[in-house]
Amino acid sequence: MSLVVSQDSNRPLKEALLDALECILSPTQEVRKAAEERAKVLEVTEDYGVQLLEVVLDPSYSIAVRHLASVLFYQYIDDHWMPSNIQIPNPEMQDEKKERIKQLLPLGLKDPNSKIRNSIAHSIFAVAWCDWPNNWPNLFDTLLVYLTSGDEYAVYGCIRVIREMCQNMEHKIISASHLILREMNEIVKSDQRFSSKVRSRAVEVFVLCASAVLNEVKFHKRSPLKGVINQLLPSFYETLVKILLLHEYTNVDIRMKTQVAKALLKLLKESQKKVIGWLPQLLPAVWQTLTSSAMDYSSSVIACIEEDRKSIDSDGEIIGIESLIFSIFDFIYYLVETPKLRKTVAHALPELFYYVIFYTQVTADQASTWNTDPNQFIGDESSESSESYKYTVRLVAQDLLSSLCENFKINCVEALIQAISKQLQEASSKKLAGDPNWWRVHEACMLTLGNFSSLGDNFSGAPLCDIQSFIENIVIPDMTAERQPFLLGRCIWFGSKYTSFLSHELNLHFIQATVSALQLGQHPCVRISAVRALAGFCQHFAKVKNTQMLLPFLPPLTEPLLNLATLYSYPVMRLVFESLGIILGIDQNLAASVESKVTPCTITVFLKYNNDPMVTMLVQDIFKTFCLNPLTVEPLQQRLIPTLVTILNAPDDKVSLGLVSVTLDVLQTVVRYSQRPFSSILINNAFPAVVSCVLRSEETSVLQSGGECLRAYISVGPEQVFNFHDSEGHSGLSLVFQVLEQLLNPFHNDNSALYVGRLAITLVNKAGTYLGDNLDHFLKAVLSKMQCAQTNSVIQSLVLVYAYLIHTQLDAVLNFLSTVPGPTGESALQFVLTEWCSHQHLFGICYEGKICITALSKLLLYGISSQDARLSDIHVSGDAVRMREVNGSHASGSKGSPDDESAHVWTVIPVFVKIFKLLLSSLNTCIGSAKLKLEMEEVKPEEIEESEETTCDRESEEESSSEASSLDLDIAHVEFSGSDSQILDEDDPEALDDPIYHINLYDYLTDFCHSLKQQQCFVSFVNHLTEKECSILCKIGISVKMEIPESS
């Protein structure tokens, strides 16, 4: 490469710089450090940047020196090109030096060494980020010269620059987009002039630039770029089709086709309308690529007969046949998941299923890995793709199959059967021909049918409709295939998926095979498959209440299962314990026969993996099963409780805080599900250990778990807890209140009180007359904590205490709050209501949210009917309005400077009005949540749109009622027709037993608003509403007539 530079006027600097670069590459640490210090000294010289760049561009120096110089040069640009904002600023480069660098930089784009070329491209982008277009107006003129020079190195270097600019300077690049699109399109078409590598990058840059242009056109309908993109896209699509249809040779390789498939998907997502017209030409080309790649994939990946032609591009991405399949599957997946495009693949379902099943086969690399690492087998074969260890073609194919079956429902059944029939016929031919890979096809077919066993009811009348026949002719013979452990494991697993379709004899055959597969001498992956199959059999027979067939086989399996859990590492152990939880639940006598072996192993696993939430959940499931079983609850407690008590009583420096917290969770499970009355070890040993542990701890997780554990004690055995006395004579109730004071300690972390509201509800419900004066002390502690609480969820928990008392002891709680002073001299009642009203809109609408909402409605009705001055005299912040609009009205809490016209203040309104506004806000939340669910369930867009556009005629209540959207009226049925079981833990008996939990909140608030409309105060309330709040009333058929004030 020829390079013309000016005569070096500072030769000593160049020599010193070269010496420093050579020494930085030295393997000797002392030499290297000294050279780095010399380089830092040279950095302050004026010519440092130019000299570095000249070293980078001079081919007479070694590649190592030039590459190091390019790295230092980029860092120099980053530090000195623009003024620095750091406290000790780096001096900005002189303009003269900047211009010299901008003259030299493009020369490096022609360098034949890719590292140098890419580094120069990155540096050009860094300068362009700062200077283009204003201070480097001729940059694109220079790049265009290089793009049209015919020099492949120069072209590739320019494309690297433009690619980075398109990725990071989308708004600026628009001005040059017409030039970029034109040149990239020409390069893509020039298969005789440029290599596949260059053209692949040109495809990528074209799509990046086109995406920016399409976004620009969306916002500016009359943009002249609309004509440019419309003119170039057809030519571009035509070229892409030709590339996909060509067989691979020098200028069309896997890299090129992979990039084309990605480009098609990107453009389809950006502008469906512009691509749909080309789908008839594009889809056959994509299909041919998928089908023609099958043989290559089979020989290079599945069977490994040929070497996989993988390569690594300059971004470090591996390019091979698998990359191409990923890209094509992504494209098809998008077609299937998009309603408007789904029909384009409907006619080809049998062929599509055939090839997707083909790509589901176990590869040689996977088989080799699984043979040596059973944990990898569990990860790769997880039923949840999100839990898989590796992104593979097999996994992606299964996801696509799932999408096809989900979106085509019944229509896919016949197509799936045809595809499997064809695959089995070909596998039979392979087997007869002596092809050792025939078993992979059978395994893929079983995996496909097993994953979609829910479709089994639709198989009637089809060639493979008789699952029992399929099993007899395909699956059972395959179970005897020699040296095929993965096929044997799949056969056993498949049998567990179709138990309801099998005869008694076939089910018995599979159960016996599963028992045999679990034994110690079997291949590890066969044993793992047998564990999954056993869990499947147990789930099915327990569901149909017919476990007699299984029971004789299960007791002897405990030892092989536990052996498998201890023999291998975490993934195998987790799988075994998942299955144990299912097996132990099917029969109480079975659980009793193996408890002595399972419990010690489970305790060991708990102690080893207590920091893993998934394992602790599995452990608690097993303990729960034993607790619910009258035959095992006592021996479980005798083995488990001493270990838990030892942990709780241990000094803080002997156990981790995480272990203590999880131990409290495990004990809570035991308490919740053990029989009443509590055993002596639970009440006399474990209960005081919990109290002592919580009282001496300040750790948030321990305080939270300890509070929940005590709540379980009070919920299950309140009399035993309240009648308990420790060695010092303290009653159980007094100990509980000591714990409550600890949870409410103002000096502890906010979140320590996160579950105080739940504990208080349980205590009020269960303690009754036991409470006495303790309740007043507790309520004062809640007030104290509320003054310093900052976290919204904690404030909700504290408010929940008073909200529940409003439901159960309204007069008592009002008397208490009105007689106790607040933090600033007003009554505690005003303080609590002010805090409550300022945070209620941030509360949820689950069980605890329902308690607060319904308590507010009850308080409002009480205040209106009684005219209680303690409530009616309270005023709180209302709506935020601009200061210039206040005009003398009551306001508080400015949000900005009084001189700023845009500053906001808060109106001050009666607390009754504020409560009404909050109830409307909750009603609107119900409506919004239900609409979101309707949209997710694919309600027609036009129906949603119609609902949103429905307006209310404020002049006529009758008209507004008739115009209320039917969608809004269906909201309660969609979202709130029952309990919030998805939001709150269904295992919480206090919540499930509370009628408030089962309230249909939409119906409740709608009825409340209609009832309130009959009150005389309703008109005055309406005058405080915003336009949005009025529209909420309109949606439930209540017309309001008012002057709507402007508000923010």
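Computed from a predicted model, the values in this text were never measured in an experiment.

### Considering the overall build of the chain
Along the chain, the regular secondary structure elements total 53 helices and five strands. Expressed as a percentage of its 1048 residues, the buried residues of the chain come to 55%. Counted over contacts in the chain with a minimum sequence separation of 6, partners at least 24 positions apart contribute 72%. Only carbon and sulfur atoms are counted for the fraction: they give 50% of the accessible area of the chain, which is about 46500 Å².

### Brief notes about the nonpolar core
Core analysis: the largest hydrophobic core is formed by 364 residues, its most contacted members being Y359, L667, Y713 and F778. It is helix 11 (residues 196-219) that contributes the most residues to this core, 12 residues altogether. Contacts of Y359, omitting those with residues within four sequence positions, involve L290, S293, A294, Y297, I325, F329, V393, R394 and A397.

### Details of the pattern of salt bridges
Here the structure, examined in full by the defined rule, presents 30 salt bridges. Across the pair K14 and E54 runs a salt bridge whose closest N-O atoms are separated by 3.5 Å. Remark: E54 occurs in helix 3 (residues 48-57) and K14 occurs in helix 1 (residues 11-24); sequence separation between them is 40 residues. Each member of the pair K14 and E54 is classed as buried. With its nearest N and O atoms 3.1 Å apart, the salt bridge here joins E406 to K409. With a relative accessible area of 45%, K409 lands in the partly exposed category.

### A look at helix 37 (residues 732-743)
With 12 residues, helix 37 should cover 16 Å at 1.5 Å per step; its first-to-last C-alpha distance of 17 Å lies within 8% of that length. What helix 37 keeps buried is the set G732, L733, L735, V736, F737, V739, L740, Q742 and L743. Along its buried surface, helix 37 packs onto helix 34 (680-695), helix 35 (700-716), helix 36 (718-723), helix 38 (756-767) and helix 39 (774-788).

### Quick notes on the confidence of the model for the chain
When pLDDT is averaged across the chain, the result is 86; 87% of the residues are at 70 or more. This stretch, residues 894-902, has a pLDDT under 50; its non-local contacts, to residues over four places away or in other chains, come to 13 contacts. Overall, residues 1043-1048 carries pLDDT values under 50, and its contacts beyond four positions in sequence, including any with other chains, amount to 12 contacts.

### Here's the deal with the packing of aromatic side chains
Any aromatic ring pair is given by two values, namely how distant the centres are and how the planes are angled relative to each other. A complete count under the given rule lists 27 aromatic pairs for this structure. Their ring planes at 90° and their centres at 4.9 Å tell us that Y354 and Y355 sit as a pair that is edge-to-face. The same class applies to Y354 as to Y355, namely buried. Grouping aromatic residues by their ring pairs yields a cluster made of Y297, F329, F358 and Y359. When the ring centre of Y354 is taken as origin, the NZ or CZ atom of K422, which lies over that ring, is 4.5 Å away. If you follow R490 out to its NZ or CZ, it ends over the ring of W493, 4.6 Å from the centre.

### Remarks on a positive patch on the surface
Taken together, the side chains of K218, K221, K226, K273 and K340 make up a positively charged region of the molecular surface. For K273, the location among the structural elements is in helix 14 (residues 272-276). Looking at K273, the relative accessible area reads 80%, which means it is exposed.

### Some points on unusual backbone geometry
Along the chain, W132 connects to P133 via a cis peptide bond; the corresponding omega equals 5°. Checked against the element boundaries, P133 lands in the loop between helix 6 (114-131) and helix 7 (139-147). Its identity as a non-glycine residue notwithstanding, R483 has a phi of 55°, on the positive side. Within the secondary structure, R483 is located in the loop between helix 24 (467-478) and helix 25 (485-497).

### Some points on the packing of helix 7 against helix 8 (residues 152-168)
One can describe the packing of helix 7 onto helix 8 by two numbers: an axis separation of 8 Å at closest approach and a directional angle of 140°. As judged from the angle between their axes, helix 7 and helix 8 are oblique. Between helix 7 and helix 8 lies a crossing whose hand is left-handed. Where helix 7 approaches helix 8, its residues L139, F140, L143, Y146 and L147 are matched on the opposing element by A154, V155, C158, I159, V161, I162 and M165. Looking at the contact of helix 7 with helix 8 residue by residue, the class counts come to 12 nonpolar, no polar and no charged.

### So, the environment of Q1015
You can see Q1015 is positioned in the loop between helix 51 (1001-1012) and helix 52 (1018-1022). Among the residues examined, Q1015 registers a relative accessible area of 34% and is labelled partly exposed. Between the C-alpha atoms of Q1015 and L861, which are 154 residues apart in sequence, the distance is 9.9 Å.

So, how was this worked out
Residues numbered from 1 in each chain as written. Predicted model: local features only at pLDDT ≥ 70, side-chain atom pairs only at ≥ 80, totals over all residues. Heavy atoms only, no water. Helix = DSSP H or I, 4+ residues; strand = E, 2+ residues; numbered from the N terminus. Buried < 20%, exposed > 50% of the residue type's maximum accessible area, 1.4 Å probe, protein only. Contact = heavy atoms within 4.5 Å. Areas by Shrake-Rupley, 256 points an atom, 1.4 Å probe, with all protein chains shown as cover. Core = buried A, V, L, I, M, F, W, Y, C linked by side-chain atoms within 4.5 Å. Salt bridge = Lys/Arg side-chain N within 4 Å of Asp/Glu carboxyl O. Expected span 1.5 Å × (residues − 1). pLDDT = per-residue confidence, 0-100. Phe/Tyr/Trp six-rings, centres within 6.5 Å; stacked < 30°, edge-to-face > 60°. Lys NZ or Arg CZ within 6 Å of the ring centre and 35° of its normal. Patch = residues over 30% accessible without salt bridge, like charges linked within 9 Å, V, L, I, M, F, W, Y side chains within 5 Å. Lys, Arg positive; Asp, Glu negative; His and termini not counted. Charge placed at Lys NZ, Arg CZ, Asp CG, Glu CD. Axes fitted to C-alpha atoms, helices over the stretch in contact; angles between N-to-C directions. Parallel < 35°, antiparallel > 145°, perpendicular 65-115°, else oblique. Left-handed = near helix turned anticlockwise from the far one by under 90°. Nonpolar A, V, L, I, M, F, W, Y, C, P; charged D, E, K, R; others polar.

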